[in-house]
Amino acid sequence: MYRFLLSRQWVILTLIMLALIPTMIELGFWQLHRHEHKVALNRVISDSLSAKPVPAESLTAPGQAVRHENLYRRVTAKGTFDTADEVVVRRRTNSDEEVGFHVLTPFVLDDGRVLVVNRGWIPADGAQTEFPKIPAPAKGETTVTGRLMADETSGDSGIKDVRGLPDRMVMLINSEQQAKALGKQVLGGYVELTAPEPAGDVPELISAPDHSDIGPHMAYAVQWWLFAAGVPVGFVVLVRRERRDRAEAAEAASAPTTDPPTPPGTPRADGAR
């Protein structure tokens with residue numbers, strides 16, 4: 001009755017079904033983990049932004065990675081901006097999705113160590129290969145406030161670290177790269193500047209992250225699990241339909257074929273009546 005399941009076509013279809021179910025279940029758990037990560041990150045951001053600012057040196061040090069629970073933590077630092085070693089980060093967008101640069105200015109602390117400060121976004125005056133005009137930061141000893149961020153990497157950000165860029169241009173905000181370029185001790189991570197605000201609103205300060213949106217990951221997880229549950233149901237429907245079609249075909253093939261009776265008076269093919 002179900003011998004057709006041993007045919008090559010149905011064996012392949014069965015193997016595909018058996019492979020799809022665990023794959024879809026795993027994709028569902030992957031989306032669930034992304035949902036949990038997003039919820040946890042939102043909690044960290046909320047707690048960090050609501051906490052009182054602390055000295056940056058208390059949360060990071062040269063060669064030290066920023067801890068997850070300290071991401072977006074408001075920090076302060078006292079020192080002077082070093083515009084001579086200022087660089088820009090290529091292909092960055094502002095809140096209006098305009099492409100330009102982020103401005104990275106070394107901030108030299110009183111003890112000589114350096115904190116990388118992202119002063120914000122500026123538009124590209126010309127081509128992305130031309131170094132833009134950058135308004136000067138506050139002069140002299142200054143106290144800055146900002147959000148502590150982890151070093152960017154290609155693996156985490158998806159941004160390719162292109163080599164051979166024009167002078168004073170980088171692709172990633174990375175304290176280790178800046179330490180090599182400056183030849184100084186640079187605190188791990190960097191700071192997104194929030195104060196003091198620039199004169200003329202340029203560079204444009206980076207907005208605080210939205211930590212209210214949890215994204216569609218949970219809905220995607222449920223969707224994948226529903227797909228996984230639907231695969232065996234669909235397979236059973238196909239099997240039953242195939243069985244029914246084969247039974248009807250076999251019944252039609254075994255039915256006797258008889259000519260309909262000839263009405264009286266109808267001439268025969270040989271001319272007889």
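Every chain is numbered on its own, with residues counted from 1 as its sequence reads. Whole-chain, interface and lining totals are the exception, using all residues; otherwise, since this is a predicted model, local features are given only for residues with pLDDT of at least 70 and side-chain atom pairs are given and counted only at 80 or more. Only hydrogens and water are set aside when side-chain values are computed; all heavy atoms of the structure are taken into account.

Draft legend 1. Spatial organisation of the overall build of the protein. Counting from the N terminus, the helices are the DSSP runs of H or I reaching at least four residues and the strands are the DSSP runs of E reaching at least two. Along the protein, the regular secondary structure elements total 4 helices and 8 strands. Going from N to C terminus, the protein has its helices and strands arranged as α-β-β-β-β-β-β-α-β-α-β-α. Radius of gyration (C-alpha) of the protein: 34 Å, far over the 19 Å computed for a compact globule of 273 residues. Along the first, second and third principal axes, the C-alpha set of the protein runs to 125 × 40 × 30 Å. Residues count as neighbours in contact if any of their non-hydrogen atoms are within 4.5 Å of one another. Sequence separation of at least 24 residues holds for 69% of the intrachain contacts in the protein that already meet a minimum separation of 6. For a compact globule the rule gives 2.2 Å times the number of residues to the power 0.38, and the radius of gyration it is set against comes from C-alpha atoms.

Draft legend 2. Inspection of helix H4 (residues 217-254) at higher detail. An expected span of 1.5 Å times one less than the residue number is assigned to each helix. Helix length check: H4 (38 residues) gives 56 Å between terminal C-alpha atoms against 56 Å at 1.5 Å per residue, within 8%. Every buried residue of H4 is listed here: His217, Ala221, Ala228, Val231, Phe235 and Val239. Categorising residues by exposure relies on relative accessible area from a 1.4 Å probe, with only protein chains included: less than 20% of the type maximum marks a residue as buried, more than 50% marks it as exposed, and the intermediate range marks it as partly exposed.

Draft legend 3. A look at the side chain of Asp161. Relative to the elements of secondary structure, Asp161 occurs in the loop between helix H2 (154-157) and strand S7 (169-170). A distance of 2.9 Å separates the side chain of Asp161 from the side chain of Gln177, its partner in a polar contact. For Asp161, the contacting residues outside a window of four places in its chain are Ser154, Met171, Leu172 and Gln177. Polar contacts here mean pairs of N or O atoms no more than 3.5 Å apart (in protein, one a potential hydrogen donor and the other a potential acceptor; neighbouring residues in sequence count only if both atoms are side-chain atoms).

Draft legend 4. Up close: the packing of aromatic side chains. Planes of paired rings set the category: under 30 degrees apart is stacked, over 60 is edge-to-face and the rest tilted, where pairs are Phe, Tyr or Trp rings (Trp by its six-membered ring) whose centres lie within 6.5 Å. In this structure the tally under the stated criterion is 6 aromatic pairs. Put simply, the rings of Tyr2, Phe4, Trp10 and Phe235 pair up and form one aromatic cluster.

Draft legend 5. Geometry of the layout of surface pockets. What the largest pocket holds in volume is close to 850 Å³. Around the largest pocket, the lining is made up of 28 residues, and of these Leu41, Tyr72, Met149, Asp156 and Ser157 lie nearest the centre. Looking at the lining of the largest pocket, the elements with two or more residues in it are helix H1 (8-50), H2 and strand S8 (190-195). In terms of residue count, the dominant contributor to the lining of the largest pocket is H1 (5 residues). Using a grid of 1 Å spacing that covers the protein atoms alone, one calls a set of points a cavity when a 1.4 Å probe fits there but cannot get out, and a pocket when the set is open and has protein on both sides within 12 Å along at least five of seven lines; lining residues are those with an atom within 4 Å of a point. Grid points are joined across faces, edges and corners, and a volume is the space filled by probe spheres set on the points.

Draft legend 6. Structural detail: the pairing of S8. Here strand S5 (residues 114-123) runs beside S8; their pairing, made up of 2 bridges, is parallel. Residue pairing in the sheet places Asn118 in a bridge with Glu192 of S8. When strand S6 (residues 142-149) meets S8, the two strands line up antiparallel, connected through 5 bridges. The residue bridging Thr145 from the neighbouring strand is Ala195, located in S8. A pair of strands is considered paired only if DSSP assigns at least 2 bridges between the two.

Draft legend 7. Molecular detail of unusual backbone geometry. Cis geometry marks the peptide bond from Ala195 to Pro196, where omega comes out at 0°. Cis geometry marks the peptide bond from Val202 to Pro203, where omega comes out at -5°. Positive phi values are uncommon outside glycine, yet Tyr72 reaches one of about 70°. Its identity as a non-glycine residue notwithstanding, Asp201 has a phi of 60°, on the positive side. Note on placement: Asp201 falls in the loop between S8 and H4. Owing to a relative accessible area of 58%, Asp201 belongs among the exposed residues under this scheme.

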